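Coordinate analysis (summary)
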Amino acid sequence: FCFSYGFLLLLLHVLRAVIALEEKIIVSKLGDNATLSCIYRERELHLKDLRVYWQIADDQEECSVVHALISGQDNESEQCIQFKNRTQLFWDRLENGDFSLLLLNISQSDEHRYKCVVLQKTEYTKMIHQAEVVLSLAASYSQPILSGPIRKSSSTGEEVTFSCRSSNGYPKPNVYWINKTDNSHLPPSELKITLHTNGTYSVFSTLKVKATSNMQIECSIENKLLRENLSANYTQQKQSNGSSTESHKNLETNGQGAQAAGIVSVVILIGLLAVLTCWLWRRRSLRLVSY
């Protein structure tokens, strides 16, 4: 019985330790600010008795100190240089057990697993709380630009090429080509993803297919982290539509020409009336003088 009771106590202690190590995953956009959460609500706290450390939990990092609070004061002596002037605690929340960290101007190099460790010193120093936060970065891709072939309706059956491009996104996207006539997925002929110096990606893809009389093609760019799916569509227009559009343009041009001719005619008529009025007035004046 004593063995079973001791085993249960040990198991309960382990479970409490596992539960105490919180882990949250947050997604932040490049250039934004991110709040790494670390909240302890068990008892009233005194800052002078506490040490709070925010660390990078990744083992391969040479420098791991993100922020340190010792006896109620920020301590920057061991802080990694890439976090200088970029971290803040919420001072009005500390005594309530909120040790969350504000990380400013997120960049690609900030994508890590972070650990918050809270130590309390009374008779001896003990750890009273810890939490882990995984920071994942993301950036929205630009609205994709889809370019399609310009062809005549008689070119059905020939191979045509579409191209699709988007940029300034993170992480790498999923690219889908879709035949909207039956919602089937089409394999890309080319897929090129380029990493830029600011940490974002641009994507360029092409699709080669046999032309049909009614082509409806969609290019879709998916960002899973942000749950964003941006798309651009192409619908083949028949030649007759182009002719009717051209005819409409011709009619519009002719209408504008007729309107201009009408204005010129009115101006000429007003000029003739003015000349005639002037001639009549002058003739009348000569008659009065002769009298």
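Computed from a predicted structure; not experimentally measured.

This brings us to the sheet that holds strand E6 (residues 87-89). Within a sheet, neighbouring strands are paired by backbone hydrogen bonds and run either parallel or antiparallel to one another. The three strands lie next to each other as E2-E7-E6, forming an open sheet whose pairing is antiparallel. Strand pairing shows two members of the sheet lacking a second neighbour, strand E2 (34-36) and E6, which therefore form its edges. The sheet shows a mean angle of 25° between the axes of neighbouring strands, direction not considered. Note: E6 against strand E7 (residues 101-103), three bridges, orientation antiparallel. In the strand pairing of E7, Leu-89 is matched with Leu-101.

Of all hydrophobic cores here, the largest spans 48 residues; its most connected members are Trp-54, Phe-99, Tyr-114, Val-118, Leu-146, Phe-162 and Trp-177. Per-element tally for this core: the top contributor is strand E9 (residues 125-138), with five residues. Each of domain 1 (21-137) and domain 2 (142-235) accounts for three or more of the residues forming this core.

Inspection of the secondary structure puts Asp-49 in the loop between E2 and strand E3 (50-56). Here the alpha-carbon distance between Asp-49 and Ile-70, two residues 21 residues apart in the chain, equals 8.4 Å. Leaving out residues up to four positions away in the same chain, Asp-49 has contacts with Leu-119, Gln-120 and Lys-121.

In this structure the tally under the stated criterion is three aromatic pairs. Both rings, one in Phe-162 and one in Tyr-234, keep their centres 5.0 Å apart while their planes meet at 70°; by these two values the pair is edge-to-face. Here Phe-162 is found in strand E11 (residues 159-169), whereas its partner Tyr-234 is found in strand E17 (residues 228-235), with 72 residues between them in sequence. In terms of burial, Phe-162 and Tyr-234 fall into one category: buried. Ring centres of Tyr-170 and Tyr-201 lie 5.9 Å apart, and the angle between their planes is 15°; this geometry places the pair in the stacked category. A residue pair is termed long-range when its members are at least 10 positions apart, and Tyr-170 in the loop between E11 and strand E12 (174-179) and Tyr-201 in strand E15 (residues 201-210) qualify at 31 residues. Residue Tyr-170 shares its accessibility class with Tyr-201, and that shared class is buried.

This brings us to a nonpolar patch on the surface. Among the surface-exposed residues, Leu-276, Trp-279 and Leu-280 lie close enough to one another that they form a single nonpolar patch of about 320 Å² accessible area. Turning to its location among the elements, Leu-276 is positioned in helix H2 (residues 239-290).

Let us now look at the environment of Cys-219. Relative to the helices and strands, Cys-219 is located in strand E16 (residues 216-223). Linking Cys-219 and Trp-177, residues 42 residues apart in sequence, is a C-alpha distance of 4.8 Å. Those residues in contact with Cys-219, other than ones at most four positions away along the chain, are Pro-144, Leu-146, Cys-164, Tyr-176, Trp-177, Leu-230, Ser-231 and Ala-232.

The rules behind these values
Residues numbered from 1 in each chain as written. Predicted model: local features only at pLDDT ≥ 70, side-chain atom pairs only at ≥ 80, totals over all residues. Heavy atoms only, no water. Pairing = 2+ DSSP bridges. Helix = DSSP H or I, 4+ residues; strand = E, 2+ residues; numbered from the N terminus. Axes fitted to C-alpha atoms, helices over the stretch in contact; angles between N-to-C directions. Core = buried A, V, L, I, M, F, W, Y, C linked by side-chain atoms within 4.5 Å. Buried < 20%, exposed > 50% of the residue type's maximum accessible area, 1.4 Å probe, protein only. Domains from an automatic or database assignment. Contact = heavy atoms within 4.5 Å. Phe/Tyr/Trp six-rings, centres within 6.5 Å; stacked < 30°, edge-to-face > 60°. Patch = residues over 30% accessible without salt bridge, like charges linked within 9 Å, V, L, I, M, F, W, Y side chains within 5 Å. Areas by Shrake-Rupley, 256 points an atom, 1.4 Å probe, with all protein chains shown as cover. Salt bridge = Lys/Arg side-chain N within 4 Å of Asp/Glu carboxyl O.

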